[in-house]
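Structure assessment
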Amino acid sequence: MNQYDLNLILNPNLSAEQVSIEKEYIESTLKGAGAEISTLDELGNRRLAYAVNKDREGYYLMYTIKAAGNPEKDIASTLRLRDHVRRVLVVKDRPEWKTKKA
C-alpha cells in the first residue's frame, strides 16, 4: 500500500451538519475502496486563488491515506460526483519531497 494525500475543497456555504455528512460519505467511500485514513486536517474556509462555481472561498479537507491500486481512478472519480465537492486532488506522497536540503 502506498501513501497518498487526498485534498478536497467543499462548498463554503455548508452548515456544520452538512460538513459532517460530507465527511462521513468521504470516509465511507475511502473504506469501500480499501483505503485507510491516517490523518485528517480540517482547515475550514479559505480563500481560493480563483473563483470556483462563482465562490471565492472553499472548505478545505486534507486526508493522508494509504491505498493500493489507483486511488485517482477509484476514489477521486466517485467523490467528484458529489454536489458539494468542488475540487479533488490525489497526490502520491514521496518522502524525498519532505526533506530539507541544506
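Let us look at the structure shown here. (Residues numbered from 1 in each chain as written. Predicted model: local features only at pLDDT ≥ 70, side-chain atom pairs only at ≥ 80, totals over all residues. Heavy atoms only, no water.)

Some thoughts on the packing of helix α1 (residues 16-32) against helix α2 (residues 71-79)
Remark: α1 packs on α2, axes separated minimally by 10 Å, with the N-to-C direction vectors making an angle of 155°. The pairing of α1 with α2 is recorded here as roughly antiparallel in orientation. Considering the relative orientation of α1 and α2, their crossing is right-handed. Here α1 contributes Tyr25, Ile26, Thr29 and Leu30 to the contact with α2, which in turn contributes Ile75, Thr78 and Leu79. Looking at the contact of α1 with α2, its residues break down into 5 nonpolar, 2 polar and no charged. (Axes fitted to C-alpha atoms, helices over the stretch in contact; angles between N-to-C directions. Helix = DSSP H or I, 4+ residues; strand = E, 2+ residues; numbered from the N terminus. Parallel < 35°, antiparallel > 145°, perpendicular 65-115°, else oblique. Left-handed = near helix turned anticlockwise from the far one by under 90°. Contact = heavy atoms within 4.5 Å. Nonpolar A, V, L, I, M, F, W, Y, C, P; charged D, E, K, R; others polar.)

Some thoughts on α2
Of all the positions in α2, only Pro71, Ile75, Ala76 and Leu79 are classed as buried. Along the long axis of α2, the arc covered by the buried residues comes to 90°, so they all point the same way. Elements in contact with the buried residues of α2: β1 (2-10), α1, β3 (55-67) and β4 (85-92). (Buried < 20%, exposed > 50% of the residue type's maximum accessible area, 1.4 Å probe, protein only. Arc of directions from axis to C-beta.)

Notes on the pattern of salt bridges
For the structure shown, the criterion picks out 4 salt bridges. Where Arg86 meets Asp55, a salt bridge forms, and the shortest distance between an N and an O atom there is 3.3 Å. You can see Arg86 sitting in strand β4 and its partner Asp55 sitting in strand β3, a full 31 residues away along the chain. Owing to a relative accessible area of 15%, Asp55 belongs among the buried residues under this scheme. Residue Glu72 is joined to Arg80 by a salt bridge in which the shortest nitrogen-to-oxygen separation is 3.2 Å. Using a relative accessible area of 32% as the deciding quantity, one classes Glu72 as partly exposed. Relative accessible area serves as the criterion here: at 42%, Arg80 is assigned to the partly exposed category. (Salt bridge = Lys/Arg side-chain N within 4 Å of Asp/Glu carboxyl O.)

A closer look at the sheet that holds β3
Sheets are built from strands that pair by backbone hydrogen bonding, the pairs being arranged parallel or antiparallel. The strand order across the open sheet built from 4 strands is β2-β3-β1-β4, with neighbouring strands paired in antiparallel fashion. In this open sheet, the two strands that pair with only one neighbour each are β2 (36-52) and β4. Across the sheet, the mean angle separating the axes of adjacent strands is 20° when strand polarity is ignored. When β1 meets β3, the two strands line up antiparallel, connected through 9 bridges. Across the sheet, the residue bridging to Asn7 is Met62, located in β3. Sheet strands touched by α1: β1, β2, β3 and β4. Its angle to β3, the strand with the most contacts, is close to 30°. Of the strands in this sheet, β1, β3 and β4 are in contact with α2, which crosses β4 at around 170°. (Pairing = 2+ DSSP bridges.)

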